[in-house]
Amino acid sequence: MPAAAAAAARGPLLHLQRNPAPRLAAARRSFSSSGMRCVSAGAGAGGGGRERRSSPAFGGLLLDAGGTLLQLARPVAQTYASLGRRYGMSKSEESIKEGFKRAFSAPWPKTLRYQGDGRPFWRIVVAEATECTNNDYFEEVYEYYAHGDAWRLPAGAYETLRDLKDAGVKLAVVSNFDTRLRKLLKDLHVSDMFDAIVVSSEVGHEKPAPEIFKRALDQIGVEASKAVHVGDDETADKAGANAIGLECWLWGQDVRTFSEIRDRILTRFPQ
């Protein structure tokens, strides 16, 4: 910058420094008349054009438990095999995996798979998967999955739940599960984050039945059109939710991370 121009630019600033109070109002008028405006640093900053909503896109979030909020700490076939060795069970992990799939795909003659603690159903699953009917083995497997150490939360899940709760979004678990679920949520330190925990074995309805979704919505006080459900099953979660006008995002397809769930609920992306 030429010396004369630099001196001219410094002149008003030096004058302000010597006489700040009398000249402050005049300086403000000068900046205003030159077309300069003060812009909030938070508006659209750091988000690639994202704009934070004044209110969430949804007033309620319903979450499936097993396979969505709760992930296995290690593969089920590996656990069945390792626990079964002392009982003489020698099936391969691949065979156990196939047996597990068969047990879950087979029609269940009763209204609910999970009644009470779910032992009748899980006894059949373990026997079909491993061909081991030793009761002590079954009880060890059953108790293993009754503790939080057997499970984990997906990355970012706790932070997402906290952020949504802070934003006023009502949270609920809606799960086809047995009575072990409440303890598992406590073990993983997320039980208190939820405004409602609706478990099929307690309410007498399993997804995709509309009653279990409606029970959750009633408990959090949010209409179906103003809530979203996230689960991993096309029939139990998506078809069941959509049947009552409840939007559903399939875990692993529509959303793949909990931070994505948070952003879709709290953030608007310009079209």
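Please read these numbers as outputs of a predicted model, since none were measured by experiment.

S.K.: How do you make sense of the overall build of the chain when you look at a structure like this?
M.R.: Looking only at helices and strands, the chain has 12 helices and 9 strands in total. A buried classification covers 40% of the 271 residues belonging to the chain. Residue pairs in contact within the chain that sit at least 24 positions apart in sequence constitute 66% of those at least 6 positions apart.

S.K.: It is not clear to me how helix α11 (residues 234–242) should be interpreted in this structure. Could you clarify?
M.R.: Because an α-helix packs 3.6 residues into every turn, residues spaced three or four apart end up facing the same way. The set of residues buried in α11 consists of Ala-236, Asp-237, Gly-240 and Ala-241. Around the axis of α11, the buried residues are gathered within 95° of arc, so they sit on the same side. With a side-chain oxygen lying 2.9 Å from the backbone nitrogen of Thr-235, the N-terminal cap of α11 falls on Asp-233.

S.K.: In this structure, what is going on with the environment of Asp-64? I would like to understand it.
M.R.: For Asp-64, the position within the fold is in the loop between β2 (60–63) and β3 (71–72). Accessibility expressed as a relative area gives 5% for Asp-64, which makes it buried. In this structure the C-alpha to C-alpha distance between Asp-64 and Lys-207, which are 143 residues apart in sequence, comes to 9.8 Å. Setting aside anything within four residues of it in sequence, one finds Asp-64 in contact with Leu-69, Val-174, Ser-175, Lys-207, His-229, Val-230, Gly-231, Asp-232 and Asp-237. Looking at Asp-64, its side chain comes within polar contact range of the side chain of Thr-68, at 2.8 Å.

S.K.: I'm lost on the nonpolar core in this one. Help?
M.R.: Leu-61, Leu-69, Leu-70, Tyr-80, Phe-194, Ile-261 and Ile-265 are the most contacted members of the largest nonpolar core, which totals 56 residues. No fewer than three residues from each of domain 1 (60–71 + 151–266) and domain 2 (74–150) sit in this core. With 18 residues, the next largest nonpolar core counts Val-174, Ala-216, Leu-217 and Ile-244 among its residues.

S.K.: Could you clarify how one ought to interpret the environment of Asp-178 in this entry?
M.R.: Inspection of the secondary structure puts Asp-178 in the loop between β5 (170–175) and α8 (181–187). By relative accessible area, which is 1% here, Asp-178 ends up buried. Measuring from C-alpha to C-alpha, the distance between Asp-178 and Gly-116 comes to 6.0 Å, with 62 residues separating the pair along the chain. In this structure Asp-178 touches Tyr-114, Gly-116, Asp-117, Gly-118, Trp-122, Tyr-142, Val-199 and Ser-201, once residues within four positions along its chain are discounted.

S.K.: Looking at this structure, I do not really get the pattern of salt bridges. What am I missing?
M.R.: Under the definition given, this model contains 19 salt bridges. With a shortest N-O distance of 3.6 Å, Lys-91 and Glu-131 are connected by a salt bridge. Pair noted here: Lys-91 is in the loop between α3 (76–84) and α4 (93–105) and Glu-131 is in the loop between α5 (119–130) and α6 (135–144), with a separation of 40 residues, a long-range link. Accessibility expressed as a relative area gives 61% for Glu-131, which makes it exposed. With a shortest N-O distance of 3.5 Å, Asp-263 and Arg-262 are connected by a salt bridge. Judged by relative accessible area, which is 14%, Asp-263 ranks as buried. Salt bridges sharing common partners tie together Asp-117, Arg-119, Arg-123, Glu-139 and Glu-143.

S.K.: Where do I start with the packing of aromatic side chains in this structure?
M.R.: By convention here, two paired aromatic rings are described through the distance between centres and the angle between planes. Evaluated as defined, the whole model comprises 15 aromatic pairs. A ring pair is formed by Phe-100 and Phe-104, whose centres lie 5.0 Å apart and whose planes are at 40°; its orientation type is tilted. Taken together, the residues span about one helical turn, with Phe-100 and Phe-104 both in helix α4 at a distance of 4 residues. Aromatic pair Tyr-144 and Tyr-145: ring centres 4.9 Å apart, planes at 90°, arrangement edge-to-face.

S.K.: I keep staring at the sheet that holds strand β8 (residues 247–250) and nothing clicks. Help me out?
M.R.: Strands belonging to one sheet form pairs held by backbone hydrogen bonds; the direction of such a pair is parallel or antiparallel. Here we have 5 strands laid out as an open sheet, ordered β6-β5-β2-β7-β8, and parallel in their pairing. Looking at strand neighbours, the two that pair on one side only are β6 (196–199) and β8, the edges of this open sheet. Shown here is a sheet whose adjacent strand axes are inclined to one another by a mean of 20°, direction ignored. With 4 bridges joining them, β5 and β6 adopt parallel strand pairing. Looking at β6, one finds that Ser-175 is bridged to Val-199. Here helix α10 (residues 210–220) sits on the sheet and contacts β2, β5, β6 and β7 (227–231); the angle it forms with β5, its principal contact strand, is near 155°.

Criteria and cut-off values
- Residues numbered from 1 in each chain as written.
- Predicted model: local features only at pLDDT ≥ 70, side-chain atom pairs only at ≥ 80, totals over all residues.
- Heavy atoms only, no water.
- Helix = DSSP H or I, 4+ residues; strand = E, 2+ residues; numbered from the N terminus.
- Buried < 20%, exposed > 50% of the residue type's maximum accessible area, 1.4 Å probe, protein only.
- Contact = heavy atoms within 4.5 Å.
- Arc of directions from axis to C-beta.
- Polar contact = N/O pair within 3.5 Å; in protein donor to acceptor, adjacent residues only side chain to side chain.
- Core = buried A, V, L, I, M, F, W, Y, C linked by side-chain atoms within 4.5 Å.
- Domains from an automatic or database assignment.
- Salt bridge = Lys/Arg side-chain N within 4 Å of Asp/Glu carboxyl O.
- Phe/Tyr/Trp six-rings, centres within 6.5 Å; stacked < 30°, edge-to-face > 60°.
- Pairing = 2+ DSSP bridges.
- Axes fitted to C-alpha atoms, helices over the stretch in contact; angles between N-to-C directions.

These results come straight from atomic positions and should not be treated as a statement about function.
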